[in-house]
Amino acid sequence: MTDLLEEIARFCAHHDMSETRFGELVLNDKPFVSQLRAGRDIRASTVEKIRAFMQDFESPEVSVSQARAPASGRYPAGGRAFPHRDLISIGALQTHEILFLLDEAEQWVQLNRRSSKHHDALAGLTIINAFFENSTRTLLSFEIAGKRLGADVVNMHAAQSSVKKGETLIDTAVTLNAMRPNAIVIRHGSSGAVGLIADKVDCPVLNAGDGQHEHPTQALLDALALRHKLRERGEMSADGMFNGLAVTICGDILHSRVARSNILCLQALGAKVRLCAPPALMPTGVEATGVEVFHHFDQALAGADVVMMLRLQNERMDGQFIPSPREYHHLYGLTQERLALAGPDAIVMHPGPMNRGVEIDSDVADMPGRSIITAQVEMGVAIRMACLDVLTRKERKVPGWGEGEWV
Amino acid sequence: MRQLTPISITGGRIVTSDGIVEGNLRLVDGLIVSVGDGVHEGDFLVDAAGRLVTPGMVDLGVFAIDKPAFHFGGITRAALMPDQSPPLDHPARVRFAAQSGKPDFWVHPIAAATTALEGKSLAEIALMRDAGARAIATGRSWIADSGVMLRLLQYAAMLDMVVISHAEDGGMAGKASATAGEIATRLGLPSAPAVAEALAVARDIALAELAGARLHLRQVTTRAALDLVRAAKARGVAVTAGVTPAHFMLSDLALAGFRTFARLSPPLRSEEDRQAVIEAIGDGTIDVIASGHDPRGPEDKRLPFADAEPGMAGAETLLPMTLTLVRDGVISIERAFDLIARNPARLLGVEAGALMVGCEADVAIVDAQRPWVVDSRKMAAQAGNTPFDGQPVQGRVTALWKGGMGIAL
């Protein structure tokens, strides 16, 4: 039994884990280790279970403190790695700040793949998800991210809120702020609304989509999903960049905040972005951002390494933009035949929700080895955990992340 | 209240349409009686000390009567847009509005072209004219039905009233809050192409030509539309054009950061169009510079950009921004006061806006060099929604008379 205790002690030291945490993870029994030391009897099967747990736990990324080590060598020390209070737009980020968030997310990808997905990094913190626009997947993703980090997560839906009673956005923001949350996640239907709220509150604000402006966590999770797929194929460059990668984004670009954030994020990481949409759904002057504009899908696909499909955002359309979904599918639907025009093994992405049979055929959406649509959802939780972790570090007094602190 | 003592403003440089006159300006019984002549015994003397003596400004097309702001800006008369609550589509409301500024400020109400400004049925324009309306306006939006617009112009021609139209194709502009282009795309703002203005200008000019009516396009802000106005003027159409300082001082770059004080109607245009507006002011295509004064409090402006109401508090900055064009050599000082006083007075058919014998004694003394900083927190206006917040400017009114009565500034 002393052997086992020693093993556990070594394991905990190595992984920077408390004994109670160990007990909780293995047997869902916090005082287990101390009781064992005090002479508690355990069965052989339990010993096996503990050994098996420690065996499986061997991967180096698993431990949070370990995973942070390689990142800290590459980026400015402490808070200088991400010197922003809020995450409002990709446009406000430097390339190395984007890479930092992606690298930070890797540890959470590992955590999320374990059976016990809990970490206490944000224990005791309150996170408000204020969604002024309907959302299922983003809200769920943020909620899961917050809860896995141990934070108290509260959701506010616009439908249930005083927004319907005529309260102004600023008053709502001030009210939320008065409840002293440690972070607020906001989605709003008007461009710039999240930035407006961020000016009026005292805690970090995360943009979960503002009108047709930006959706930064979506762009980050897309980059992370793409990175994982490329790494799996052995095509990922060591520096984490997408230099030279040709990405075609096709769909309702005009109304898409996902497209805007992705253009900025992919370009910052070195990718070449092509946009494809009917003229009415292509924003004016978008060429100025350095993208290539196409109206014929076949041309836009030629040789593309990645094809990202976007949904038609009918709820944002003021008037009729396309004659019918059937006709749209005829011109811009991603079918097996069309996908064959893209580069060999081109990766298929979609931020969801998908309209199967409109912008993407079912067999393409579910294509094994090519479609990473479900991986995008998985990475969403990890990215949001990374963003919540990084943005609350100052509040949690993580060494090096204080105001004006040098490491 | 009447002016009791004759006033002589001495030692100033008097701005008339024919040039600067050195000498004395004499005001008696609320009228200008001599320009450049000597001083009479017993006159109350005012020393202008080398500053400009100018006509009180006439602001064509404001959305609120905001006396402190108008007086600060040297504005003595303003034509009030019919977009009030309730709209100026009834003679009684027009009569009330016409009295609302007196005695130290004159309001010239503009009659609503259509009932409730809906663009469907003509309002009682002749009755409103007799109640004091000086012009007719389509309001903040255009009249979509070309048939209604034609009948309006024919009716206005018969009454010899000018029709002030908002030149923006409503179907194309829709709910847009910006001009289509790189900035709107980057910010993700609902936008409309700049050509929405040229479309409306082309239609309104064609209809005005057909009806033989006088047409004033309240704000013309794009090169294409200005070219249409220029061509129409050349062939003798009775069309005039206006603009506000925002459109010759700012381009859509001012929208960066979603600054709602830069949310205007029509929206700010590209830099190319801004340059076109400056050219048009220089070559005489644009006849009027107005403030478009529309004070908006935080309940209208502290909102996400697209949800905020358009409009700026412009009365205080009208003069310094126009003087910018003089300093840049685009226009002369005389022409500057034609743009902000004489031309709008003519369009309204009032004997004011110029320093001429027989005109109303609306006079300002202007220190054209005096520097000050626009500060939205310290404005005289009801609200500080100025897109020029924090900008250093030059030119300030130091004294003002309305009908020979001094106004405390």
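Residues numbered from 1 in each chain as written. Chains lettered and ligands numbered in written order. Predicted model: local features only at pLDDT ≥ 70, side-chain atom pairs only at ≥ 80, totals over all residues.

Chemist: I tried to follow the overall build of chain A on my own but got confused; where do I start?
Modeler: When helices and strands are counted, chain A shows 16 helices and 9 strands. Here the C-alpha atoms of chain A give a radius of gyration of 23 Å, agreeing with the 22 Å that 2.2 N^0.38 yields for 407 residues. In chain A, which comprises 407 residues, the proportion classed as buried is 42%. For chain A, restricting intrachain contacts to residue pairs at least 6 apart in sequence, the fraction spanning at least 24 positions comes to 73%. (Helix = DSSP H or I, 4+ residues; strand = E, 2+ residues; numbered from the N terminus. Rg over C-alpha atoms; globule rule 2.2 N^0.38 Å. Buried ≥ 20, exposed ≤ 12 C-beta atoms within 10 Å, placed from the backbone. Contact = placed C-beta atoms within 7 Å.)

Chemist: Help me understand the overall build of chain B in this model?
Modeler: Helices and strands together make up the secondary structure of chain B, namely 13 helices and 18 strands. For chain B, the C-alpha radius of gyration of 20 Å lies close to 22 Å, the compact-globule estimate for 409 residues. Along the first, second and third principal axes, the C-alpha atoms of chain B reach 65 × 45 × 40 Å. Every one of the 409 residues in chain B was classed for burial, and the buried ones make up 58%. Long-range contacts, defined as pairs at least 24 residues apart, comprise 71% of the intrachain contacts of chain B with a sequence gap of at least 6.

Chemist: Even after reading the chapter, I still don't get unusual backbone geometry, so can you show me in this structure?
Modeler: Negative phi characterises most residues that are not glycine, and trans characterises most peptide bonds. The omega torsion of the bond from Gly352(A) to Pro353(A) falls at -10°, within 30 degrees of zero and hence cis. Counting through the fold element by element, Pro353(A) comes out in the loop between β9 (347-349) and α15 (362-365). With phi around 50°, Arg180(A) is a residue other than glycine that occupies positive phi space. Looking at the secondary structure, you find Arg180(A) in the loop between α8 (169-178) and β3 (183-188). By C-beta crowding, Arg180(A) is classed as exposed, having 9 other C-beta atoms within 10 Å. For Leu117(B), which is not glycine, the phi dihedral falls at a positive 55°. As for its placement among the helices and strands, Leu117(B) is situated in the loop between β8 (106-112) and α3 (125-130). The buried category is assigned to Leu117(B), around which 22 C-beta atoms lie within 10 Å.

Chemist: What's the story with the sheet that holds strand β5 (residues 246-250) of chain A in this structure? I'm lost.
Modeler: Sheet strands associate in pairs through backbone hydrogen bonding, adopting either a parallel or an antiparallel arrangement. Residue and element names in this part refer to chain A. The parallel open sheet is built from 5 strands, whose spatial order is β7-β6-β5-β8-β9. Unpaired on one side and paired on the other, β7 (292-294) and β9 mark the two borders of the sheet. Each adjacent strand pair in this sheet contributes to an overall mean axis angle of 20°, direction not counted. (Pairing = 2+ DSSP bridges. Axes fitted to C-alpha atoms, helices over the stretch in contact; angles between N-to-C directions.)

Chemist: Can you walk me through helix α6 (residues 95-112) of chain A in this structure?
Modeler: Within an α-helix, residues lying three or four positions from one another point in the same direction, as the helix has 3.6 residues per turn. Residue and element names in this part refer to chain A. Given a rise of 1.5 Å per residue, 18 residues ought to cover 26 Å, and the 26 Å separating the end C-alpha atoms of α6 matches this to within 8%. Along its length, α6 shows its largest kink, about 25°, at Glu106. Where burial is concerned, most of α6 is hidden: 13 out of the 18 residues are buried. (Expected span 1.5 Å × (residues − 1). Bend = angle between axes of the 7 residues up to and from the residue.)

Chemist: Could you clarify how one ought to interpret the confidence of the model for chain A in this entry?
Modeler: Do not read the predicted coordinates in detail wherever pLDDT is low. This prediction gives chain A a mean pLDDT of 90; 94% of its residues lie at or above 70. Predicted confidence is poor over residues 59-71 of chain A, with pLDDT under 50, and the contacts of this stretch with residues over four places away or in other chains come to 18 contacts. (pLDDT = per-residue confidence, 0-100.)

Chemist: What's the story with the sheet that holds strand β2 (residues 152-157) of chain A in this structure? I'm lost.
Modeler: Residues and elements named next belong to chain A. If you trace the 4 strands from one edge of the open sheet to the other, you get β2-β1-β3-β4, paired in parallel fashion. At either margin of the open sheet sits one strand with a lone partner, and together these are β2 and β4 (205-210). Each strand of the sheet is rotated relative to its neighbour by a mean of 10°, with strand direction disregarded. With 5 bridges joining them, strand β1 (residues 126-131) and β3 adopt parallel strand pairing. Its bridge partner being in β3, Asn129 is matched across the sheet by Val185.

Chemist: In this structure, what is going on with the pairing of β5(A)? I would like to understand it.
Modeler: Where a strand is regular, its side chains alternate between the two sheet faces. Residues and elements named next belong to chain A. Taken across its 5 residues, β5 has 5 buried, putting it largely inside the fold. Residues Ala246, Thr248 and Cys250 of β5 are buried on one face, and the alternating residues Val247 and Ile249, pointing to the opposite face, are buried as well. Note: β5 against strand β6 (residues 272-276), 5 bridges, orientation parallel. Across the sheet, residue Ala246 finds its bridge partner in β6, namely Lys272. A crossover connection joins β5 to the parallel β6 through helix α11 (residues 257-268); in handedness this β-α-β unit is right-handed. Bridge count for β5 against strand β8 (residues 306-309) is 4 bridges, and the pairing is parallel. (Right-handed = clockwise from strand over helix to strand, strands pointing away.)

Chemist: Could you clarify how one ought to interpret the nonpolar core in this entry?
Modeler: Grouped together as the largest cluster of nonpolar side chains are 247 residues, with contacts concentrated most on Val307(A), Ile110(B), Ala135(B) and Ile136(B). With 11 residues, the top contributor of residues to this core is helix α16 (residues 373-391) of chain A. If we ignore the near neighbours within four places in the chain, the residues touching Ile136(B) are Ile110(B), Ala111(B), Ala113(B), Ile125(B), Ala156(B), Met161(B), Val163(B) and Ile164(B). (Core = buried A, V, L, I, M, F, W, Y, C linked by C-beta atoms within 7 Å.)

Chemist: Honestly, the confidence of the model for chain B in this entry has me stumped. Any pointers?
Modeler: Model confidence for chain B is summarised by a mean pLDDT of 96, while 100% of its residues fall at 70 or above. If you check the scores for this complex, the pTM reads 0.87 and the ipTM reads 0.90.

Chemist: Explanation requested: the pairing of β8(B) in the structure shown.
Modeler: Residues and elements named next belong to chain B. The buried fraction of β8 is high, at 7 of 7 residues. Pairing geometry for strand β7 (residues 75-80) and β8, over 4 bridges, is parallel. Bridge assignment links Arg77 to a residue of β8, and that residue is Trp106. Following the chain from β8 across α3 to the adjacent parallel strand β9 (residues 135-137), one finds a crossover that is right-handed.

Chemist: I tried to follow the packing of helix α12 (residues 318-327) of chain B against helix α13 (residues 333-348) of chain B on my own but got confused; where do I start?
Modeler: A pair of packed helices can be characterised by two numbers: the angle between their axes and the separation between those axes. Residues and elements named next belong to chain B. Packing of α12 against α13 brings their axes to within 9 Å, and their N-to-C directions diverge by 140°. In this structure, the crossing between α12 and α13 has a hand that is right-handed. In this structure, α12 uses Leu318, Thr322, Leu323, Leu325 and Val326 to contact α13, whose residues at the interface are Ile333, Ala336, Leu339 and Ile340. Here the contact of α12 with α13 is composed, by residue class, of 8 nonpolar, 1 polar and no charged. (Left-handed = near helix turned anticlockwise from the far one by under 90°. Nonpolar A, V, L, I, M, F, W, Y, C, P; charged D, E, K, R; others polar.)

Chemist: How do you make sense of the interface of chain B and chain A when you look at a structure like this?
Modeler: One frequent convention defines the size of an interface as the accessible area lost when the parts assemble. Contacts between chain B and chain A engage 19 residues on the former and 21 residues on the latter. The element that contributes the greatest number of residues to the side of chain B that touches chain A is helix α6 (residues 182-187) of chain B, accounting for 3 residues. Looking at the side of chain B that touches chain A, its residues break down into 9 nonpolar, 5 polar and 5 charged.

Chemist: So what exactly am I meant to see when it comes to the packing of helix α7 (residues 137-148) of chain A against α16(A) here?
Modeler: Residues and elements named next belong to chain A. Here α7 crosses α16 at 55°, and the two axes come no closer than 8 Å. As summarised for this structure, α7 and α16 are arranged oblique, according to the angle between their axes. Along this stretch, α7 crosses α16, giving a crossing that reads as right-handed. When α7 is examined against α16, the residues Arg137, Ser141, Phe142, Ile144, Ala145, Gly146 and Arg148 are found in contact with a partner set consisting of Val377, Gly380, Val381, Arg384, Met385 and Leu388. (Parallel < 35°, antiparallel > 145°, perpendicular 65-115°, else oblique.)

Chemist: I tried to follow the environment of Ala277(A) on my own but got confused; where do I start?
Modeler: All names here are of chain A. For Ala277, the location among the structural elements is in the loop between β6 and β7. Exposure remark for Ala277: the 27 C-beta atoms within 10 Å place this residue in the buried category. The spacing of Ala277 and Gly23 is 254 residues in sequence and 55 Å in space, taken between C-alpha atoms.

Chemist: I would appreciate a short explanation of the environment of Cys359(B) in the present structure.
Modeler: Residue and element names in this part refer to chain B. As for its position among the elements, Cys359 is in the loop between α13 and β16 (363-373). Here Cys359 falls in the partly exposed class, since 19 other C-beta atoms lie within 10 Å of it. Each C-alpha atom of the pair Cys359 and Leu27 lies 9.8 Å from the other, and the pair is 332 residues apart in sequence. Aside from chain neighbours lying at most four places away, what touches Cys359 is Leu31, Ile32, Glu351, Ala352 and Ala354.

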